[in-house]
Amino acid sequence: MVSDATLVYLALAVPLAGMFALIAASRWPALRDSLVVVTAVAMFGVVVQLLPRVLRGERPSASLIELFPGLEIAFLVEPLGMMFALLASGLWIITALYAIGYMRGARELHHTRFHVFFCIALFSATGIAFSSNMFSLFVFYEALTLSTYPLVAHKGNEAAKKGARTYLGLLLGTSVGLLLPAVIATWWLAGTLEFTPGGIMAGNVNPAIGGLLLVLFMYGIGKAALMPFHRWLPSAMVAPTPVSALLHAVAVVKAGVFTVLKVSVYLFGLDYLRELATTDIILYVAVFTLIAASLIAMQQDNLKARLAYSTVSQLSYIVTAAMLVSEFAALGGGMHIVMHAFGKITLFFCAGAIYVATKKTEISDMHGLGRRMPVTFAAFFIGALCVIGVPPTGGVWSKWHLFMGAYDSGHQLVVLALIVSTLLNIAYLLPPVVNAFLLPPKEGDQGGGIREAPLLCVVPLSLTALGCIALFVLAGPLAGLLRPYLAVSGGW
Amino acid sequence: MTEHLPALQVVIALTAAPLVMLLNRLPRLAWGVTLAACWATLAIALLLLLQVSDGGEIRYEMGGWAPPWGIEYRVDGANAWVLLIIGLVSAVVMPFARRSVEQEIPADRLGLFYSAFLLANAGLLGIAITNDAFNIFVFFEISALASYALIAMGRDRRAVLSSYQYLIMGTIGTTFLLIGIGFLYIMTGTLNLSDLATRLEGVTDTRTIRAAFGFIAVGISLKLALFPLHLWLPNAYSYAPSMVTVFLSATATKVAIYVLLRFVYTVFGFEFSFVELSMAWVLMPLALLGIVIPSLVAVFQDDVKRLLAYSSVAQVGYMILGISLASALGLMASTVHLFNHAITKAALFMAVGCLVYRLGGVSLSRVAGAAERMPWTMAAFVVAGLSLIGVPLTAGFVTKWHLLQAALMDGFWPVAALLLATSLIAAIYIWKVVEAAYFRAPPDDAREVREAPLSLLVPTWTLTAMTIIFGVWAQLPISAARNAAEALLGAPQPW
Amino acid sequence: MTWLGLYNYWIVVVLMMAGFYIVIAQGNLVKKIIGLNIFQTSAFIFFISLAWREDGTAPIVLPGVTAYANPLPHVLILTAIVVGVALTAMGLALVVRIHEAYGSIEEDDIHQQDEER
């Protein structure tokens, strides 16, 4: 029986060890690429070990270092973090396979650098998932930003550098300019930064200042992409597709909304949130973002850009969930992290596969491609259904919880907005599939029968598409895992 | 033997200087002797710090002459901390110096160069350790004269000019200090700092003492490059030989800040400086302007060395800001930043020294693409740069955190906000360099270069590692800085 | 006539301002050094004049003399003068080097040369 602390450290150490192994093996591409997969599998293996313990109600914890009294880097695995870590490390295996296929297929350069920073990003994401206090979380949050910068700038051309600068500027700007002050003020006022069931603010911070802090937190967590600080996400799309897939559909953006949930539930506490005047303001900002981003997504012809705006919109679902201050909605928000992750990663994988096979990036060029790449577009269809929230995919459950939460808490306008936005989802996600299958191919694209992307691209996207369907059945156990994180905050 | 440690602290470097000069024909030996002297200095500084770490003090009468006739050396938590910073930086910079200096200084002047370095070092140590006001002036001039010579040895002809400008500004500063000391002497009849403190109590409410305070404050402000009296600094740091820039940037301004603290807290006393003269209201605006404007100027620099020099002016602003908060916590933040900034900026300038060694210059266009060919150097630059920005888990963060707490404690919310904003500016100028080195193609006429030699890299990484180590295990510098602050305030603090 | 009684301070102030003005206003590097010297000298005079005491004599023990001038400032200023000489030498040496490098000792000229490069 391995001790709790050891497991937590192992989960963090594996990607780092993998990173060093990669550097050492950089001269032998085959060995290096297999090491990437080995690292991902090993990490998932370790994280899974923690799951039964968390389900048993244990909270594995470990304290790494104390900078000075009251400020430490420490870990505590609770259900929400468990879920996030499982999600990130599990999808990493698939992404690692895909990345190898993609990087070779698309003839990208600097493979080792790419994989190395990927490892650091996963390490940081795990750190975020397991952090037991806001300071640790902040440290890993920044590490995630910094480690993904080289990935965004990977291509090294002007567009990549410009996009990467926006990316870094907005994420660092919001986190240092807004989040850090909020963290410091919280520490100053509440005397602690520990994530505590029920929150730490009640009784320590008067609601007026609490309201201000909420705004600082929600905008400071730039990774959650609330408008107007969402520009970094479309900018990040200059990165190679595996990065967009795992990091900008899963690890980075989900780290953002994960932090939002953590802050709302464990720092503010749902009861305290109800007292704040600004909760509703943030709620409506989120609702506005989810509608506006959907509208912008419809205008995009570049497939990845459309997906990026779709992500901005979907992230706001989760922020909305947190700000509804209903247990039902908060649970839905937690579930949506998983559901959307599977759906969106599938979509990105498909976008990448299309690029590798045909070098096409614009939706209007993809007419009729469905006949050439049936598997890819079928997967795209399933991914889209999951994001929209239609059975038989997992997405339906998280949306259902959200609707119920909004209805329960009496926000009729939010219910309406959710309905509108779902319709918009359909309007911007389904046409690419429909056009690909039903419209005739463009001139010069005819013939050739089926020419899919390499197997290493197609298999992963099929797997995640199957995952979307499997989640339709697995939603119950997922909710079971998550419920304890809310039970303590009253209501259930 | 141990009772003579305070004297040896200064004397070793001071006597090694002429010896090294005589060894001018044997540059390697000259370097060896200098190295030995610097390491001995560090060892003594460590021993002294340990002795006073419990809040005590050591008094040493030079030549057995008791004060007020003789010169007294006095070591307490505050100056032991400064001595350690000087000792540490000189001990780490010397291994770095050998190859860097051999490349930048003509072979027939190496011994003279090291001799001047030792004099500068001895001067700074002397300023820190002495308890005699006039002695401070003399040591200021010793270190300054040696520094002028060191800076003038830079390869660029502008080095001489900037050394000249520094000489003019520096001399005005020390002369002001001398006049201020004169006023103090008229009123009290003593030059011993401790005596001054006790004898001033009855006469503080006079115009003479106020004038003394003004002259001393302005004089020292010139030496510590307080905005807007910082004009000599960017040129001097940009054109000096690499090793000199490392050493001076990490020590010279720090020592001047220590002298300011010593006069403000020990001699004039907190009550007089902050309550009667409301010094905080003069210092704080200057500190804030001094943080913001040079930071912005740094963003637009094309030469990395110059960029970092402007950043140094901004960092002085942080230290002054801590003082101007007029609280124990603010003072402690300043004292801990003395150390944190010393190791951070020295690491950065050393990385720049490595770049200069291989590339010949550090304009952004020359640095372009350097990361691929000099990965270790640039990695050190990035890590130390993060510390300069104040990213968590680096030394810089420890400072910023305490400074922020101190600002918040007194309700200076806008100041706290400004601190964070300037961290972002620091991020921008550091990132400019990083982006050039990592993401730009090298210029077409770039020389084929390799990674810097180990003798340069090892010291660079020693300090770089320290910025991480003391960012993670921060208790050590924090407790030393608290001890220093308590020594200055003259009373234990609750923290 | 107390304000005139402190005539030594007036001299100091005049010298100091004159020196300071020369340092700032002169473009010639050698003249700047001269200004700096005057400026420093004013501080020295100030110090020395502090030592004077009414009816005091030189600080040598003599029978029947009880009031002496304070010897300490003299000693201090002796040191300071040495420092001042060193500074002047250093400054002039730098000027020589500047002249070698730029062929001029006029500040404007030198800055112009640097900008042209």
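Conventions and cut-offs
For every chain, the first residue of the written sequence is number 1, and numbering continues from 1 onward in sequence order. By the order in which they are written, chains take letters starting at A while ligands take numbers starting at 1. A pLDDT threshold of at least 70 governs which residues receive local features in this predicted model, and a stricter bar of 80 or more applies before side-chain atom pairs are shown or counted, although totals over entire chains, interfaces and linings include all residues. Side-chain measures were taken over the full set of non-hydrogen atoms in the model, leaving aside hydrogen atoms and water. Strands are runs of DSSP state E lasting at least 2 residues, helices are runs of H or I lasting at least 4, and numbering of each runs from the N terminus. Think of it in three bands: residues with accessible area under 20% of the maximum for their type are buried, residues over 50% are exposed, and the middle band is partly exposed, with areas taken using a 1.4 Å probe on protein chains only. Per-residue and other accessible areas were derived by the Shrake-Rupley procedure at a 1.4 Å probe size, with only the shown protein chains allowed to occlude residues. The convention is simple: Lys and Arg are positive, Asp and Glu are negative, and His and the chain ends are not counted. Working definition for charges: the position is that of NZ of Lys, CZ of Arg, CG of Asp or CD of Glu. What the globule rule says is 2.2 Å times the number of residues to the power 0.38, and the radius of gyration is computed from C-alpha atoms. By definition, residues are in contact when any of their heavy atoms lie within 4.5 Å. For this analysis, a nonpolar core means a set of buried residues of the types Ala, Val, Leu, Ile, Met, Phe, Trp, Tyr and Cys, connected via side-chain atoms within 4.5 Å. Definitions used throughout: a 1 Å grid over protein atoms alone; a cavity as a set of points that fits a 1.4 Å probe which cannot get out; a pocket as an open set with protein on both sides within 12 Å along at least five of seven lines; a lining residue as one with an atom within 4 Å of a point. Grid points are joined across faces, edges and corners, and a volume is the space filled by probe spheres set on the points. In this classification, the charged set is Asp, Glu, Lys and Arg, the nonpolar set is Ala, Val, Leu, Ile, Met, Phe, Trp, Tyr, Cys and Pro, and all remaining amino acids, among them Gly, are polar. A quick way to say it: buried area is the sum, across both parts, of accessible area lost when two parts are put together, with a 1.4 Å probe. When a carboxyl oxygen of Asp or Glu is within 4 Å of a side-chain nitrogen of Lys or Arg, the pair counts as a salt bridge.

Visitor: Give me the overall build of chain A: which residues, what numbers.
Guide: Counting its regular elements, chain A contains 17 helices and two strands. Seen through its C-alpha atoms, chain A measures out along the principal axes to roughly 70 × 55 × 45 Å. For chain A, the proportion of its 492 residues judged to be buried stands at 64%. For chain A, the computed accessible surface area is about 15,700 Å², with 69% contributed by carbon and sulfur atoms. Between the averaged position of the 28 positive side-chain charges in chain A and that of its 21 negative side-chain charges there is a distance of 11 Å.

Visitor: Quick rundown of the overall build of chain B? Include the residues and the values.
Guide: Each helix and strand in chain B was counted, giving 20 helices and two strands. The C-alpha radius of gyration of chain B comes to 21 Å, within 12% of the 23 Å expected for a compact globule of 495 residues. Taken over the C-alpha atoms alone, chain B extends approximately 70 × 55 × 40 Å along its principal axes. In chain B, which comprises 495 residues, the share counted as buried stands at 68%. Pairs at least 24 apart in sequence give 79% of the contacts found in chain B among residues at least 6 apart. Here chain B has roughly 15,300 Å² of accessible surface; of this, 66% comes from carbon and sulfur atoms. Side-chain charges of chain B comprise 28 positive and 27 negative groups, with the mean position of each set lying 9 Å from the other.

Visitor: Summarise the nonpolar core; cite the residues concerned and give the values.
Guide: In this structure, A:M134, A:F217, A:F268, B:L184, B:F263, B:F268 and B:F381 are the most contacted members of the largest nonpolar core, which totals 436 residues. Not counting chain neighbours up to four residues away, the residues in contact with B:F381 comprise B:V304, B:L308, B:L348, B:A351, B:V352, B:I430, B:V433 and B:V434.

Visitor: Could you give an account of empty space enclosed by the protein, naming the residues involved and the relevant values?
Guide: Overall, the coordinates contain eight cavities of 30 Å³ or more when judged by the stated rule. There is about 240 Å³ of room inside the largest cavity. In terms of lining residues, the largest cavity is bounded by 22 residues, among which A:V176, B:I389, B:G390, B:V391 and B:P392 are the most central. Ranked by residue count, the leading element in the lining of the largest cavity is helix α18 (residues 413-439) of chain B, at six residues. The residue inventory of the lining of the largest cavity, partitioned by class, reads 18 nonpolar, two polar and two charged.

Visitor: Talk me through the arrangement of the chains; I want residue IDs and the actual numbers.
Guide: Across the two pairs of chains in contact, the largest number of contacts is found between chains B and C. The two units chain A and chain C remain apart, with a minimum C-alpha distance of 31 Å.

Visitor: Break down the interface of chain A and chain B for me, citing the residues and quoting the values.
Guide: Between chain A and chain B, the residue contacts involve 25 residues of the former and 25 residues of the latter. Carbon and sulfur atoms supply 79% of the area that chain A and chain B bury against each other, a total of about 2,400 Å² over both sides. Three residues stand out in chain A for area buried against chain B, namely A:F68, A:I184 and A:W188, and they jointly supply 25% of the buried area on that side. Here chain A is connected to chain B by one salt bridge.

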